[in-house]
Amino acid sequence: MRPRIRFEDAGLSFWSFPDISLANWNAISRGTMSNETGDANENRIGDMPTEEFRKYGHQLIDWIGDFLDGIDETRVTAAVEPGFLKQALPDAAPEEGEDMDAILADVGRVIMPGMTHWNHPSFHAYFNSSGSGPGILGELLGSAFNINGMLWESCPAATELEEVTLGWLRKLVGLPDDFWGIIYDGASTGNLHAIAAARANIGLDIREQGLSGRSDVPRLRLYTSRHVHSSVDKAALTLGLGRAGVRKIPTDGAFQMRMDLLAQAIEEDRNEGCLPFCVVGTVGTTSTTSIDPNRSIAELCEREGLWFHVDAAHGGSAAIVPEMRFILDGCERADSVLLNPHKWMFVPMDLCAFYTKRPEILRDAFSLIPEYLRTSHDEAVQNYMDYGVALGRRFRALKLWFVLRYFGAEGLIARIRDHIRLGQFFAEWIDNHIDFTRMAPTPLSTVCFCATPTGFVNAESLNMINRKLMEAVNRSGEAYITHTMLGDRLVLRFVVSHLRTTEEHVRDAWELIQKKLVEIRGH
Ligand code: PLP
């Protein structure tokens, strides 16, 4: 039996490789490829044979079909303790390759018990994400192609499909033609890029000189509502603005940014020598889905010369419904707008559609082209790597294309419209029940509510019972809801935006919430 040669056994590392002659590589390679009997083992190099790929591919698609058919019978939340998966798996990768049968069996044994099912129709937590059939197929094909869309030339179809699908989506939500688009992984990245563009727009040569150690740069200020998503703060951390660079403007009773206080804050800051540069408005804030007064913000930004960015990550999709178009009112005047088809347009994670009227500023902020990434087409095409931090770019447009084509505008409108109807239903049930109170307006399909049974009067006791109620609902595995804080009150959020959610699911969840409240109160 020929001994197997391993790097570690031979005391070799990449950096202290004693002999890199071809003969030596051949010897090592032969040793690595040989099996116990000394014969060359073909399976140690190259990919899975396509016959095997077909076999398990069909099995997996059948498994996914069964999973989606039976998802109603599955818990939506995981009933496991921290560490459950780490205990179930070895602490090192297998020395020898394993059979797909064994790997797939472990999906059932190890992965499934720890799954929180985002693709479950009773998932009413956070802002959910539906992996639709066409979206899943688009992802699969995208993995099979496995392209890198950094340059037009590195995959012309990927770049051009991104341009086409973003054009379609822009028209569907009613944004004007002068918005140019790019796909990012998520809205956090989109917000970061918008604020980076806004920062580049002030013209202090920050791209070349940076921010630190400069006495000629005043404190930069970005303005946004108290209800903005935390990713805007993270962008400020990343971009050297610091949290002090973000001024949070209080909201009114409907959780919308107060225009009078926004104008006042900008004036105050100018008087104190700060440099206002950007306002971020939101369409569909994370806690309550409130919609900022974006038309007024746009007017103010035009007057003040500030970049206006709109985060419509969740809410923007609703603008596809003609009678909901108004939610993007004023956004046509923004410098940049983003929405996440992975949140409410049935595209699987992850896909953020980012639009700006000023792509040249974004490009100025990020373009940096080493020689090895230059191509002969550069003058004639658009290379998406120039418009962001990421070089490598997945073929995300493929799944968006599949979804837009499969459902069509009518199909998407009907589904999103139905979610809004169901959200409004739920809001009405809350309003009509003596033990519950709605805590915010419901402009879309997310309902903020509290259990307010008699006997619980102060915020502390109400927060305690609402937390218990949420935990009881989620422990049941029958529905999943999450919470937010509005002032000093812990508020429960019920989101209806999953593709498979029907009126029955919403009714069942409402029954469950009422039942759990009765159980907690003990009568
Ligand atoms: N913006 C808003 C309004 C959100 O609600 C969220 C997430 O829920 C984000 C941004 C961040 O989204 P992503 O997970 O795509 O980064």
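Data block above holds the structure.
First, a word on scope: everything that follows refers to the structure included in this document. Worth saying up front: this structure is predicted, and the values here are computed from it rather than measured. (Residues numbered from 1 in each chain as written. Predicted model: local features only at pLDDT ≥ 70, side-chain atom pairs only at ≥ 80, totals over all residues. Heavy atoms only, no water.)

### Comments concerning the packing of helix 15 (residues 459-476) against helix 16 (residues 503-521)
To characterise two packed helices, one gives the angle between the axes of the helices and the distance between these axes. Where helix 15 meets helix 16, the axes come as close as 9 Å, and the angle between the chain directions of the two elements is 120°. The angle between helix 15 and helix 16 falls in the class oblique. As helix 15 runs across helix 16, the sense of the crossing is right-handed. Together, Ile 465, Lys 468, Leu 469, Ala 472, Val 473 and Ser 476 of helix 15 and Leu 512, Ile 513, Lys 516, Leu 517, Ile 520 and Arg 521 of helix 16 make up the contact between the two elements. When the residues that make up the contact of helix 15 with helix 16 are grouped by side-chain class, the tally is 8 nonpolar, 1 polar and 3 charged. (Axes fitted to C-alpha atoms, helices over the stretch in contact; angles between N-to-C directions. Helix = DSSP H or I, 4+ residues; strand = E, 2+ residues; numbered from the N terminus. Parallel < 35°, antiparallel > 145°, perpendicular 65-115°, else oblique. Left-handed = near helix turned anticlockwise from the far one by under 90°. Contact = heavy atoms within 4.5 Å. Nonpolar A, V, L, I, M, F, W, Y, C, P; charged D, E, K, R; others polar.)

### A look at the packing of aromatic side chains
Tallying each qualifying case throughout the model produces 19 aromatic pairs. A ring pair is formed by Tyr 126 and Tyr 480, whose centres lie 5.9 Å apart and whose planes are at 80°; its orientation type is edge-to-face. Of this pair, Tyr 126 sits in the loop between helix 4 (100-111) and helix 5 (133-145) while Tyr 480 sits in the loop between helix 15 and strand 10 (482-486); the two residues are 354 residues apart in sequence, bridging distant segments of the chain. In this structure Tyr 126 comes out as partly exposed when scored by relative accessible area, which is 39%. With relative accessibility at 13%, the residue Tyr 480 sits in the buried group. On the numbers, 5.1 Å between centres and 85° between planes, the contact of Tyr 406 with Phe 407 is edge-to-face. (Phe/Tyr/Trp six-rings, centres within 6.5 Å; stacked < 30°, edge-to-face > 60°. Buried < 20%, exposed > 50% of the residue type's maximum accessible area, 1.4 Å probe, protein only.)

### Brief notes about the pairing of strand 1 (residues 180-184)
Most of strand 1 is tucked away, with 5 of its 5 residues classed as buried. Of the two faces of strand 1, the one holding Trp 180, Ile 182 and Tyr 184 and the one holding Gly 181 and Ile 183 are both buried throughout. Across 5 bridges, the pairing between strand 1 and strand 7 (residues 352-356) is antiparallel. Among the inter-strand pairings, Gly 181 is bridged to a residue of strand 7, identified as Tyr 355. (Pairing = 2+ DSSP bridges.)

### Observations regarding the site of the ligand
Inspection of the region around the ligand gives 13 residues, with Ala 187, Ser 188, Thr 286, Asp 311 and Asn 340 positioned closest. Between Asp 311 and the ligand, the recorded distance is 2.6 Å, taken from a side-chain N or O atom to a nitrogen atom. Measuring from an oxygen atom of the ligand, one finds a side-chain N or O atom of His 342 at 3.5 Å. Protein burial of the ligand: of its 390 Å² of free accessible surface, 85% is covered by the chains. (Near = heavy atom within 4 Å. Polar contact = N/O pair within 3.5 Å; in protein donor to acceptor, adjacent residues only side chain to side chain. Areas by Shrake-Rupley, 256 points an atom, 1.4 Å probe, with all protein chains shown as cover.)

### What about a nonpolar patch on the surface?
Nonpolar side chains collect at one region of the surface, where Ile 61, Leu 137 and Leu 140 lie side by side and expose about 270 Å² of accessible area between them. Counting through the fold element by element, Ile 61 comes out in helix 2 (residues 50-69). (Patch = residues over 30% accessible without salt bridge, like charges linked within 9 Å, V, L, I, M, F, W, Y side chains within 5 Å. Salt bridge = Lys/Arg side-chain N within 4 Å of Asp/Glu carboxyl O.)

### Examining unusual backbone geometry
Of note, the bond from Met 349 into Asp 350 is cis; its omega dihedral lies within 30 degrees of zero at 5°. Mapped onto the secondary structure, Asp 350 falls in the loop between helix 12 (341-344) and strand 7. Positive phi, normally seen in glycine, also occurs at Tyr 126, with a value near 40°.

That is the geometry; function is a separate question.
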